[in-house]
Structures are given as structure tokens and as C-alpha cells.
Amino acid sequence: QVQLVESGGGLVQPGGSLRLSCAASGSISSINVMGWYRQPPGKERELVATMTSGGTNYLDSVRGRFTISRDDVKITVYLQMNSLKPEDTAVYSCYLNGRLRTGSSFASWGQGTQVTVSS
């Protein structure tokens, strides 16, 4: 199985920045999609950013402020968040899907990390 562990969340003032990390462990042979979701309090989960071999996609409200990146050697996904707003407050979760060394496909989610933007 593949496990994902997020880190980097916390409390930040509006206009501040945070960098989230998602470290993967397991017998991964390849990755098709990596990305970040978030769930604001009392709201539905929404896709924030994804990355594939074809490029990146962003939620309209974060485009230009957030940047998704990766380290293939470490199998780690990052989300750089700048110019944070109170409405960015949410639990952020990463996910990966791809292939295991056994040849089977996988889809894995992290436990989530809390980001709170407040003055």
C-alpha cells in the first residue's frame, strides 16, 4: 500500500505564505497524477491543483497564488501558497495515483493538514 503524509500546515495571517509537503512511501513504480484537495469548514471538498505529465491545473480562485511542484526522486508533492486569504482556510489533502511495483494501480490520499488564515 501507499501512504501519504502531509506537513507544513499551520496558522498564518492574511497575505502570508505556507508551503505544504506530501511525502509518499510504498512500492511505487510510477505516478500518473498528483494533486491537492482542500475542504473548508462546512463546505465540500474541492480540487486545488493537479499535476500530470501533460501539465498543471489550478482552481480558479488560487491560480496565480498557489504553485504545485514535485520531487520525483523523493516522491514528494509540494504546494506553495502565497498571498493567503481567510477563504483559503481548510484541511488540505494530497493524493497520488499510479502503478505499484507489482503492476497494480493505486490511488492514495493523505490524512490532511490544517491551514488556517486569520488575523
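Refer to the structure above for everything that follows.
Note that this is a predicted model, so its numbers are computed, not measured.

S.K.: Help me understand the pattern of salt bridges, please; the structure alone is not making it clear to me.
M.R.: Side chains carrying opposite charge are able to pair once their charged atoms draw close together. As enumerated under the stated definition, the model contains five salt bridges in all. Across the salt bridge formed by Arg-38 and Asp-88, the nearest N and O atoms sit 3.0 Å from each other. You can see Arg-38 sitting in strand 4 (residues 28–39) and its partner Asp-88 sitting in the loop between strand 8 (76–81) and strand 9 (90–100), a full 50 residues away along the chain. Note on accessibility: Arg-38 and Asp-88 belong to one class, buried.

S.K.: I tried to follow the pairing of strand 3 (residues 18–25) on my own but got confused; where do I start?
M.R.: For a regular strand, side-chain orientation follows a simple rule: the groups alternate between the two sheet faces. Two elements, strand 1 (residues 3–7) and strand 3, share five bridges in a ladder whose sense is antiparallel. Counterpart to Leu-4 in the pairing with strand 3 is Ala-24. Strand direction decides the pairing type here: strand 3 and strand 8, joined by six bridges, are antiparallel. Its bridge partner being in strand 8, Leu-20 is matched across the sheet by Leu-79.

S.K.: Is there a simple way to think about the packing of aromatic side chains in this case?
M.R.: Each aromatic ring pair is summarised here by two numbers: the centre-to-centre distance and the angle between the ring planes. Scanning all chains against the criterion turns up three aromatic pairs. Ring centres 4.8 Å apart and planes at 55° place the aromatic pair Tyr-37 and Trp-109 in the tilted group. Here the residue Tyr-37 occupies a position in strand 4, and Trp-109 occupies one in strand 10 (residues 105–109), the gap between them amounting to 72 residues. Its guanidinium or amino end placed over the ring of Tyr-78, Arg-19 lies 5.8 Å from that ring's centre, counting from NZ or CZ. Directly above the aromatic system of Tyr-37 lies the positively charged group of Arg-45, at a separation of 5.9 Å from the ring centroid.

Calculation notes
- Residues numbered from 1 in each chain as written.
- Predicted model: local features only at pLDDT ≥ 70, side-chain atom pairs only at ≥ 80, totals over all residues.
- Heavy atoms only, no water.
- Salt bridge = Lys/Arg side-chain N within 4 Å of Asp/Glu carboxyl O.
- Helix = DSSP H or I, 4+ residues; strand = E, 2+ residues; numbered from the N terminus.
- Buried < 20%, exposed > 50% of the residue type's maximum accessible area, 1.4 Å probe, protein only.
- Pairing = 2+ DSSP bridges.
- Phe/Tyr/Trp six-rings, centres within 6.5 Å; stacked < 30°, edge-to-face > 60°.
- Lys NZ or Arg CZ within 6 Å of the ring centre and 35° of its normal.

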